[in-house]
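Inside the fold
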Amino acid sequence: MAATGRKHLVRDFNHFITCYLCRGYLIKPTTVTECLHTFCKSCIVQHFEESNDCPKCGIQVHETNPLEMLRLDNTLEEIIFKLVPGLREKEEQQELEFWKKNQPKANGQESLRCQRLGLPDVGGGDDGDAGGDDGEDDGDEDYHRSDPQIAICLDCLRNTGQSGESTVTDLMKRFIRCSSRVTVGTIKKFLSLKLKLPSSYELDVLCNGEIMGRDHTLEFIYMTRWRLHGENTYPMVLEYRPRIDFG
């Protein structure tokens, strides 16, 4: 007979779902990528107006613009809403009341409410997306612009000693900004398109000399490979070369 575990109360998880700054439940949980500490979005943004250091561990997040190193955690937000009954409805009601008091009626108060409460990630800014009146259509057509963004530099590795070496050259524009959820496979497709490579041509993408897996996301690479080297700076550098078959 399987043992019956004891029931857990919400307060058993409070250490993981409350904000270090305001001591309330995390609202729009936002993680500092340098140290992985999480705070309410409004709390950490307000803190970074006065300091570039993490309020919990004191590490310098960024020399000039710490907001670049913040990532919304939508998964944690959903977990908190499921753990705490009525929290989602309470927050949506408070947000609606705030905009009723602070937004002029001439600006389309009701549509603004739908925009703000209908989107899971409002990290794009206070002026919203200009692309749509309908929240669902806007979410389908934003091409991941509402995702957390990351800047990367794509460098060509030369002198690999491979026969196809001359085919792979430098990009005209090495610096790009894209969703942190982009995978290495997508980066390879981007490189093949820009370099006009044959569809059968294979590339390796490396970070700090290590070949990255096709399904690795840029956020995963940044947190587990790039930022762990103290001498590395921002943006993250990925290198590419003709694929080397070790088999």
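A brief structural summary.

Quick look at the overall build of the chain now. Secondary structure assignment for the chain yields eight helices and eight strands. Considering only contacts in the chain between residues 6 or more positions apart, those separated by 24 or more positions represent 57%. For the chain, the exposed area adds up to about 15800 Å²; of that, 50% sits on carbon and sulfur atoms.

What follows concerns the packing of aromatic side chains. On inspection of all chains with the given rule, the structure shows zero aromatic pairs. The ring of tyrosine 20 is capped by arginine 23, whose NZ or CZ atom sits 4.9 Å from the centre of that ring.

Looking now at the environment of aspartate 147. Relative to the helices and strands, aspartate 147 resides in the loop between α6 (135–140) and β4 (149–156). A relative accessible area of 10% means that aspartate 147 is categorised as buried.

This brings us to the sheet that holds strand β2 (residues 38–40). Strands in a sheet are paired, the pairing made by backbone hydrogen bonds, and the direction either parallel or antiparallel. If you trace the three strands from one edge of the open sheet to the other, you get β2-β1-β3, paired in antiparallel fashion. Edge positions in the sheet fall to β2 and β3 (70–72), since each has one partner strand and no second. Strand-to-strand, the axes of this sheet are offset by a mean angle of 35°, without reference to chain direction.

With that settled, consider the sheet that holds strand β7 (residues 210–211). Strand order across the open sheet formed by five strands is β5-β4-β8-β6-β7, with mixed pairing between neighbours. Each edge of the open sheet carries a strand with a single partner, namely β5 (175–179) and β7. Pairing geometry for strand β6 (residues 203–207) and strand β8 (residues 236–242), over four bridges, is antiparallel. Of the residues in β8, the one forming a bridge with valine 205 is tyrosine 240. Those strands touched by helix α7 (residues 184–195) are β4, β5, β6 and β8, and its axis lies near 125° from that of β6. This element, helix α8 (residues 218–226), spans β4, β5, β6, β7 and β8 of the sheet and lies at about 105° to β8.

Let's shift gears to the nonpolar core. Membership of the largest hydrophobic core comes to 45 residues, with the highest contact counts inside it found for Leu218, Met236 and Leu238. Broken down by secondary-structure element, the contributors of at least two residues to this core are β2, α2 (41–47), α3 (74–83), β4, α7, β6, α8 and β8. Sequence-distant contacts of leucine 238, defined by excluding residues within four places in its chain, comprise Ile152, Cys153, Leu154, Asp155, Val205, Leu206, Cys207, Leu218 and Ile221.

This part covers α3. Within α3, burial applies to Leu76, Glu77, Ile80 and Phe81. On an axial view of α3, the arc spanned by its buried residues comes to 140°, and they lie on one face. Relative to its buried face, α3 has exposed residues pointing more than 90 degrees away, namely Thr75 and Lys82. N-capping of α3 is provided by aspartate 73, with a side-chain oxygen placed 3.3 Å from the backbone N of threonine 75.

Bringing α8 into the picture now. Buried residues of α8: Leu218, Ile221, Tyr222 and Trp226, and no others. For α8, the buried positions fall inside an angular range of 100° around the axis, keeping them on one side.

Rules and cut-offs
- Each chain has its residues counted from 1, running along the sequence as written.
- Local features are withheld for residues below a pLDDT of 70 in this predicted model, meaning they are given only at 70 or higher, and side-chain atom pairs are given and counted only at 80 or more; totals for whole chains, interfaces and linings count all residues.
- Each side-chain value is derived from all of the structure's non-hydrogen atoms; neither hydrogens nor water enter the calculation.
- By definition, any uninterrupted DSSP run of H or I lasting at least four residues is a helix, any uninterrupted run of E lasting at least two residues is a strand, and each is numbered from the N terminus.
- Contacts are assigned to residue pairs that have any heavy atoms within 4.5 Å of one another.
- Here the accessible surface of atoms and residues is derived via Shrake-Rupley with a 1.4 Å probe, and residues count as covered only by protein chains that are part of the display.
- Stacked, tilted and edge-to-face pairs are distinguished by plane angle, under 30 degrees for stacked and over 60 for edge-to-face with tilted covering the rest, among Phe, Tyr and Trp rings (Trp via its six-membered ring) whose centres lie within 6.5 Å.
- Only when the NZ atom of a Lys or the CZ atom of an Arg is both within 6 Å of the ring centre and within 35 degrees of the ring normal do we say a charge sits over the ring.
- Here's how the labels work: a residue is buried when its accessible area is under 20% of the maximum for its type, exposed when over 50%, partly exposed in between, all with a 1.4 Å probe on protein chains only.
- Any two strands with at least two DSSP-identified bridges between them are counted as paired.
- All axes here are fitted lines through C-alpha atoms, helices being fitted over the stretch that makes contact, and every angle between N-to-C directions spans 0 to 180 degrees.
- In these notes, a set of buried Ala, Val, Leu, Ile, Met, Phe, Trp, Tyr and Cys residues joined through side-chain atoms within 4.5 Å is what counts as a nonpolar core.
- Note that the arc is defined by the directions from the helix axis to the C-beta atoms.
- Pairs of N or O atoms within 3.5 Å make up the polar contacts considered here, provided that, within protein, one atom can donate a hydrogen while the other can accept it, and that residues adjacent in sequence are counted only when both atoms are side-chain atoms.

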